[in-house]
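# Structural description and commentary
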Amino acid sequence: MYDVAVVGAGPAGAAAALSALRTRPGARVLLLDKQDFPRDKSCGDGIAPHALDELARLGAAHVLLDRVPVRRLRLVSPRGTQAEAVLQRPDYVVPRTVFDARLLDAAVARGAELRRHTVRQVEVRPDRVVLDGEIEARTVVGADGANGVVRRRLGLPHQDPSTIAVAVRGYIPWETSDPEQVIVMDGRDWPAYAWRFDAGDGTSNVGFGMLLPSLRAAEHGKDALHDRLVQLLPEAAGAVRLRSHHLPLSTSRPVQPDGRVLLAGDAASLVNPLTGEGIFYALLSGRLAGAVAVSARDPGASYRELLERELGTHLKHTSLLARITAHQRVLDAGVRAARQAPGAMDALVEVGLGRGLITAPLVRALAREATHSLRPLKRTHLRG
Ligand SMILES: Cc1cc2nc3c(=O)[nH]c(=O)nc-3n(C[C@H](O)[C@H](O)[C@H](O)COP(=O)(O)OP(=O)(O)OC[C@H]3O[C@@H](n4cnc5c(N)ncnc54)[C@H](O)[C@@H]3O)c2cc1C
């Protein structure tokens, strides 16, 4: 019998395996994935600086060593306001064929057993979990991504469609000695945005994402994603390897149940509702899940508590900020604040990509800009 079976060998699954083996060297850890690696995963490939901290905690910082740091970030609000900043800590843009395969190699090198297998059934017994009637483990980590089977088999409620985003990504040739990440927000179907993330290796990842209900209402169905991408970012015309996928946003996360089955990464709806960032959360939740899987008496209860301690307040703040910035006027004020107030862009990055909170200086900067944007309205109103 395995100590841990991890379903899904993406960032959450590989992190869980690495962490289990770090916590208990010699543990029997099985990693299952339905695909052979290297495998592609539809993604913007943006790796936040906070993910680097997680990689270091997992003993796997080497996976990004040869990659180009991307320090520049440019935001364009739905109303066209622009803000540019050089970030305190750089991002990395790494194709998932590379990033995920390297992380998985690190887990296998540490002692995890990798098997190609599509999990369909999950049976929870008092002392073990049985997958597909044949694979037995003391604890199972469901790291099988958006629409994962483990979560469904636990009988947890379906995610509210209004909290699911859909995004398409592709690649274009893009030579630059000064790579940047560009986000162009869509005023027509906000919240929705297009991105161009330069990898610094002669290519850029381009994409566009919107909420599922808006996509369902769009005239050309799935083509709407590509059409909007090219309208907002003309350089994305001709992008290749177009591929779309769901993003289950953390605004309606399932409650982690007690017991022997843990959910990590997208399977636990750990995707930032402001930015669609999920790799940092996948690494963090995988690390916590892997550690408790080999050490706790009730892994589910311990994991729920740890996750709450690490991300609970932050996730409440991101949900609140997502609700507030659904109003384009507030969002525009946010982008202006990012342009004008020192440190405001870094504060936004902390909330959008890391585990930051809505800080007092950020609220003050937002309030200042929002008041400023209301002034002309007031005057018009008074004159009228
Ligand atoms: C278009 C798009 C752009 C994005 N851009 C970014 C970005 O720039 N930065 C960022 O941080 N996040 C981004 N995200 C989110 C990010 O891709 C995810 O949050 C991240 O991949 C989550 O990792 P994971 O390990 O939980 O799941 P995944 O990476 O999806 O891995 C799940 C694994 O489980 C396997 N699997 C599934 N079902 C089974 C089964 N039944 N049996 C066995 N194996 C199974 C799959 O083959 C897969 O390998 C984006 C998402 C999309 C869709």
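Located above this text is the structure these notes cover.
Residues numbered from 1 in each chain as written. Predicted model: local features only at pLDDT ≥ 70, side-chain atom pairs only at ≥ 80, totals over all residues. Heavy atoms only, no water.

A separate point is the overall build of the protein. Counting its secondary structure elements, the protein contains eleven helices and 15 strands. Against the 2.2 N^0.38 benchmark of 21 Å for 384 residues, the protein shows a C-alpha radius of gyration of 21 Å, consistent with a compact globule. Dimensions of the protein along its principal axes, counting C-alpha atoms only, are 75 × 40 × 40 Å. Once local pairs closer than 6 in sequence are excluded, the contacts in the protein between residues at least 24 apart make up 73%. For the protein, the accessible area works out to roughly 16,600 Å², and carbon and sulfur atoms hold 53% of it. Averaging the locations of the 51 positively and 42 negatively charged side chains of the protein gives two centres separated by 5 Å. (Helix = DSSP H or I, 4+ residues; strand = E, 2+ residues; numbered from the N terminus. Rg over C-alpha atoms; globule rule 2.2 N^0.38 Å. Contact = heavy atoms within 4.5 Å. Areas by Shrake-Rupley, 256 points an atom, 1.4 Å probe, with all protein chains shown as cover. Lys, Arg positive; Asp, Glu negative; His and termini not counted. Charge placed at Lys NZ, Arg CZ, Asp CG, Glu CD.)

Another point: the pattern of salt bridges. Tallied over the full model, the rule gives 33 salt bridges. A salt bridge links Asp36 to Arg116, with the nearest nitrogen and oxygen atoms 2.6 Å apart. Of this pair, Asp36 sits in the loop between β2 (29-33) and β3 (46-47) while Arg116 sits in strand β6 (residues 113-116), and the two are 80 residues apart along the sequence. On the accessibility criterion, Asp36 (48% relative accessible area) is partly exposed. According to the relative accessible area criterion, Arg116 is exposed, its value standing at 54%. Salt-bridge contacts for Arg125 lead to Glu123; the nearest nitrogen and oxygen are separated by 2.9 Å. (Salt bridge = Lys/Arg side-chain N within 4 Å of Asp/Glu carboxyl O. Buried < 20%, exposed > 50% of the residue type's maximum accessible area, 1.4 Å probe, protein only.)

Moving on to unusual backbone geometry. Apart from glycine, the bulk of residues carry a negative phi angle, and the bulk of peptide bonds sit in the trans form. Along the chain, Phe37 connects to Pro38 via a cis peptide bond; the corresponding omega equals 0 degrees. Cis geometry is adopted by the peptide bond preceding Pro191, which originates at Trp190 and carries an omega value of 0 degrees. Along the polypeptide, Pro191 turns up in the loop between β11 (180-185) and β12 (192-198). We note that Asn147 has phi near 65 degrees; this positive angle belongs to a residue other than glycine. Relative to the elements of secondary structure, Asn147 occurs in the loop between β9 (135-142) and α4 (149-153). In this structure Asn147 comes out as exposed when scored by relative accessible area, which is 51%. Backbone geometry places Arg241, a non-glycine residue, at a positive phi of 55 degrees. Checked against the element boundaries, Arg241 lands in strand β14 (residues 240-248).

To continue, consider the site of the ligand. Neighbouring residues of the ligand: 37 residues in total, closest Asp33, Arg39, Gly44, Gly46 and Asp266. The contact in question runs from an oxygen atom of the ligand to an N or O atom on the side chain of Asp266, over 2.6 Å. Residue Gly278 places a main-chain N or O atom 3.0 Å away from a nitrogen atom belonging to the ligand. Contact with the protein chains removes 94% of the 1,000 Å² of surface that the ligand exposes when unbound. Those elements giving two or more residues to the shell around the ligand turn out to be α1 (11-23), β2, β12, β14 and α7 (279-293). In the shell around the ligand, the residues fall into 15 nonpolar, 13 polar and nine charged. Structurally, the shell around the ligand is a two-domain feature, drawing no fewer than three residues from each of domain 1 (2-65 + 95-160 + 250-320) and domain 2 (161-248). (Near = heavy atom within 4 Å. Polar contact = N/O pair within 3.5 Å; in protein donor to acceptor, adjacent residues only side chain to side chain. Nonpolar A, V, L, I, M, F, W, Y, C, P; charged D, E, K, R; others polar. Domains from an automatic or database assignment.)

Time to look at the packing of α7 against helix α8 (residues 299-324). Direction vectors running N to C along α7 and α8 enclose 160 degrees, while the axes themselves pass 8 Å from each other. One way to sum up the angle between α7 and α8 is to call them roughly antiparallel. The handedness of the crossing between α7 and α8 is right-handed. Touching Tyr281, Leu284, Ser285, Arg287, Leu288, Ala289, Val292 and Ala293 of α7 are Pro299, Ser302, Tyr303, Leu306, Leu307, Glu310, Leu311, His314, Leu315 and Thr318, all from α8. Here the residues of the contact of α7 with α8 are counted per class, giving twelve nonpolar, four polar and two charged. (Axes fitted to C-alpha atoms, helices over the stretch in contact; angles between N-to-C directions. Parallel < 35°, antiparallel > 145°, perpendicular 65-115°, else oblique. Left-handed = near helix turned anticlockwise from the far one by under 90°.)

The subject of this paragraph is helix α2 (residues 49-58). Listed as buried for α2 are Pro49, His50, Ala51, Glu54, Leu55 and Leu58. In this fold, the buried residues of α2 make contact with α1, β3, β5 (82-93), α3 (96-110), α7 and α10 (344-353). A positive backbone phi angle near 75 degrees is found at Gly59, which sits one or two residues after α2.

Contact geometry of α1 with α7 gives a least axis separation of 7 Å together with a crossing angle of 35 degrees. Where α1 crosses over α7, the handedness of that crossing is right-handed. When α1 is examined against α7, the residues Pro11, Ala12, Ala15, Ala16, Ser19, Ala20 and Thr23 are found in contact with a partner set consisting of Ala282, Leu283, Gly286, Arg287, Gly290 and Ala291. Classifying every residue of the contact of α1 with α7 by side-chain character gives eight nonpolar, four polar and one charged.

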